[in-house]
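Spelled out, the chains give:
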Amino acid sequence: MQNRRDFLKTAVLAAIGSGLAVNNVFAGHSAPSLFSVNKLGKGAKMKMRFFPYELQLKHVFTVATYSRTTTPDVQVEIEYDGVVGYGEASMPPYLGQTVDSVMAFLKKVNLEQFDDPFQLEDILAYVDGITPGDTAAKAAVDIALHDLVGKLLGAPWYKIWGLDKAQAPSTTFTIGIDTPDVVRQKTQEVAGQFNILKVKLGRENDKEMIETIRSVSSLPIAVDANQGWTDRQYALDMIHWLKEKGIVMIEQPMPKTQLDDIAWVTQQSPLPIFADESLQRLSDVAGLKGAFTGINIKLMKCTGMREAWKMVTLARALGMRVMVGCMTETSCAVSAAAQFSPVVDFADLDGNLLISNDRFKGMEVVKGFITLNDLPGIGVTKL
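A short tour of the structure in this document, coming up.

### Notes on the overall build of the protein
Phase 1 of the analysis: On a plain count of helices and strands, the protein comes out with 14 helices and 17 strands.
Phase 2 of the analysis: Here the protein holds 383 residues, and 57% of them are scored as buried.
Phase 3 of the analysis: In the protein, of all internal contacts separated by at least 6 residues, the share reaching a separation of at least 24 is 69%.

### Some points on unusual backbone geometry
Phase 1 of the analysis: For aspartate 134, which is not a glycine, the phi torsion comes out positive at approximately 55°.
Phase 2 of the analysis: Residue classification places aspartate 134 among the buried residues on the basis of a relative accessible area of 19%.
Phase 3 of the analysis: The backbone of asparagine 226 sits at a positive phi, close to 50°, despite the residue not being glycine.

### Re the nonpolar core
Generally speaking, nonpolar side chains in soluble globular proteins are found buried as a group.
Phase 1 of the analysis: Within the largest apolar cluster, 114 residues are counted, with the highest numbers of intra-cluster contacts made by Ile78, Trp229, Leu242 and Phe340.
Phase 2 of the analysis: Among the nonpolar cores identified, the runner-up in size contains six residues, and Ile196, Met249, Phe274 and Phe346 belong to it.

### Quick look at the packing of helix 9 (residues 232-244) against helix 10 (residues 259-268)
Phase 1 of the analysis: In contact at an axis separation of 10 Å, helix 9 and helix 10 are set at 30° when each is read in the N-to-C sense. Viewed along their axes, helix 9 and helix 10 adopt a mutual orientation that is roughly parallel. Where helix 9 crosses over helix 10, the two elements pack in a sense that is right-handed. Contacts from Arg232, Gln233, Ala235, Leu236, Ile239 and His240 of helix 9 reach helix 10 at Asp261, Trp264, Val265 and Gln268.
Phase 2 of the analysis: For the contact of helix 9 with helix 10, the residue count by class is five nonpolar, three polar and two charged.

### Observations regarding the layout of surface pockets
Phase 1 of the analysis: As a volume, the second largest pocket reaches approximately 280 Å³.
Phase 2 of the analysis: Forming the boundary of the second largest pocket are 16 residues, of which Lys58, His59, Phe173, Leu353 and Leu354 lie nearest the centre.
Phase 3 of the analysis: Looking at the lining of the second largest pocket, the elements with two or more residues in it are strand 2 (55-62), strand 6 (173-175) and helix 7 (180-189).
Phase 4 of the analysis: No other element matches strand 2, which puts five residues into the lining of the second largest pocket.
Phase 5 of the analysis: Across the lining of the second largest pocket, the residue classes break down as nine nonpolar, four polar and three charged.

### Details of the sheet that holds strand 1 (residues 47-52)
Phase 1 of the analysis: Strand order in the open sheet formed by three strands is 1-4-5, with antiparallel pairing between adjacent strands. The open sheet terminates on both sides in strands that have one partner only, identified here as strand 1 and strand 5 (83-90). Strand after strand, the sheet turns through a mean of 20° between neighbouring axes, direction not considered.
Phase 2 of the analysis: With six bridges joining them, strand 1 and strand 4 (residues 73-80) adopt antiparallel strand pairing. Note on strand 4: the bridge partner recorded for methionine 48 is isoleucine 78.
Phase 3 of the analysis: Helix-sheet contacts for helix 3 (residues 99-108) involve strand 1, strand 4 and strand 5, and the interaxial angle to strand 1 is about 170°.

### Observations regarding the environment of isoleucine 262
Phase 1 of the analysis: Examined against the element boundaries, isoleucine 262 turns out to sit in helix 10.
Phase 2 of the analysis: For isoleucine 262 and arginine 232, which are 30 residues apart along the polypeptide, the C-alpha to C-alpha distance reads 7.2 Å.
Phase 3 of the analysis: When residues no more than four places from it in sequence are discounted, the contact partners of isoleucine 262 are Gln252, Met254, Pro255, Ser278, Ala291 and Phe292.

### A look at the sheet that holds strand 8 (residues 221-224)
Phase 1 of the analysis: Read from one edge to the other, the open sheet built from eight strands follows the order 6-7-8-9-10-11-12-13, with strand pairing classed as parallel. Edge positions in the open sheet fall to strand 6 and strand 13 (346-347), since each of these has one partner strand only.
Phase 2 of the analysis: The sheet contact formed by strand 7 (residues 197-200) and strand 8 spans four bridges and is parallel. Bridge pairing in strand 8 places leucine 197 opposite isoleucine 221.
Phase 3 of the analysis: Across the sheet, helix 8 (residues 206-214) touches strand 6, strand 7, strand 8 and strand 9 (247-251), and the angle it forms with strand 7 is around 150°.

### Some words on the pattern of salt bridges
Phase 1 of the analysis: Scanning all chains against the criterion turns up 23 salt bridges.
Phase 2 of the analysis: Residue arginine 281 pairs with aspartate 128 through a salt bridge whose shortest N-O separation is 2.8 Å. Remark: aspartate 128 occurs in helix 4 (residues 120-128) and arginine 281 occurs in the loop between strand 10 (273-275) and helix 11 (282-285); sequence separation between them is 153 residues.
Phase 3 of the analysis: Where lysine 245 meets glutamate 211, a salt bridge forms, and the shortest distance between an N and an O atom there is 3.2 Å. Of this pair, lysine 245 sits in the loop between helix 9 and strand 9 while glutamate 211 sits in helix 8, placing them 34 residues apart in sequence.
Phase 4 of the analysis: We classify glutamate 211 as partly exposed; its relative accessible area is 37%.

### Re the pairing of strand 12 (residues 321-324)
Phase 1 of the analysis: Pairing between strand 11 (residues 294-297) and strand 12: four bridges, direction parallel. By the bridge assignment for strand 12, isoleucine 297 is matched with valine 324.
Phase 2 of the analysis: One ladder, built from two bridges, connects strand 12 with strand 13; its direction is parallel. Bridge assignment links valine 324 to a residue of strand 13, and that residue is alanine 347.

What counts, and where the lines are drawn
The residue numbering used here restarts from 1 in each chain and proceeds along that chain's sequence as written. Totals for whole chains, interfaces and linings use all residues, but because this is a predicted model, local features are given only for residues with pLDDT of at least 70 and pairs of side-chain atoms are given and counted only at 80 or more. To obtain the side-chain values, all non-hydrogen atoms of the structure were used and water was disregarded. The way it works is that DSSP assigns letters per residue, a run of H or I at least four long becomes a helix, a run of E at least two long becomes a strand, and they are numbered from the N terminus. A simple rule labels every residue: compare its accessible area, found with a 1.4 Å probe on the protein chains alone, to the largest value its type can have, and call it buried under 20%, exposed over 50%, or partly exposed in between. The contact criterion used throughout is that any non-hydrogen atoms of two residues lie within 4.5 Å. We call a set of buried Ala, Val, Leu, Ile, Met, Phe, Trp, Tyr and Cys residues a nonpolar core when their side-chain atoms join them within 4.5 Å. The angle between two axes is taken between their N-to-C directions and runs from 0 to 180 degrees, where each axis is a line fitted to C-alpha atoms and a helix contributes only its stretch in contact. Angle categories are assigned with fixed cut-offs, so that under 35 degrees is roughly parallel, over 145 is roughly antiparallel, 65 to 115 is roughly perpendicular, and the rest are oblique. Left-handed describes a crossing whose near helix is turned anticlockwise from the far helix through less than a right angle; right-handed describes the clockwise counterpart. Gly counts as polar in this scheme, as do all residues outside two lists: the nonpolar Ala, Val, Leu, Ile, Met, Phe, Trp, Tyr, Cys and Pro, and the charged Asp, Glu, Lys and Arg. Method remark: on a 1 Å grid restricted to protein atoms, a set of points is classed as a cavity if a 1.4 Å probe fits but cannot get out and as a pocket if it is open with protein on both sides within 12 Å along at least five of seven lines; lining residues have an atom within 4 Å of a point. Grid points are joined across faces, edges and corners, and a volume is the space filled by probe spheres set on the points. By the convention used here, strands pair only if DSSP detects at least 2 bridges between them. Think of a salt bridge as a Lys or Arg side-chain nitrogen and an Asp or Glu carboxyl oxygen that are within 4 Å of each other.

Shown next, in the form of structure tokens:
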């Protein structure tokens, strides 16, 4: 009997993770009472709350095109039958979204029309259809719903997706563009805590940045040029130089409008080239095959966990590599993205480590590795 109960529990988790209707899983079978999910909260309604929350950065954060000390953010809570799921929208400047735009979008969302939070496909299709953009706002709803559903099931999402948390990779730690003294200081501050660094390039001091880090660290380095190189021969020459310095991958070397040039670089590059700004959502993935080695999936750009999982599946089917990234975020969104980290090639999930006012405890970095807990949903507790 216990084996049958375990089998049915696994079937429910697989159904929720793949988008199948739970009723179909149990057609002709008797489900254990613990997992009679369609009876949960009979007559209950989902209620959503949200409020602005400004993220405070520990250091000035500089990339190829701007600097900042804060990141605007909106926190979301969805309650159903006494259970609360948490989500968030983080909005760095280049996303083109604001606290006002996110709040305006969330005011349009009516979750009370849905009787069952497990209808993720229908609910999130409705949310996505409200406006053509607003991806961070949509991600906030998506993350909160996934957290809620995981809590109702009593399982973390990496288990619902059938993943092994022991296979989660190391995360990079980002070093922003700065003066040599500050770069050395930032690098030395995290010595012994990470297995791979990430460096923002794309300005006139690129080689100085790398040489400065190499003066105090021999760790592998991932490079994000943030579209900063505009000449394809220069980009390729830089990549060859970077490979000699122990760099292991390159993110978005050139502007997204120069896709043919990026493809030329990728075909000759000794290092894998990953799409960032060239990639937003699922519909973009197939068109990037051949132009990039892989894709960098960010929840705030792709509307959340549901679409991110579909992007992983499609990229693998196309023979592309996968990276998971983040914005400056609390442990809420970072832990949500970490749920599918066991299937990626590279991970850049340090956004919560860059802020001083995290509201949650969730995924942790232990000896440089992403370490998932067994809490249900996205695996966070409020501080």
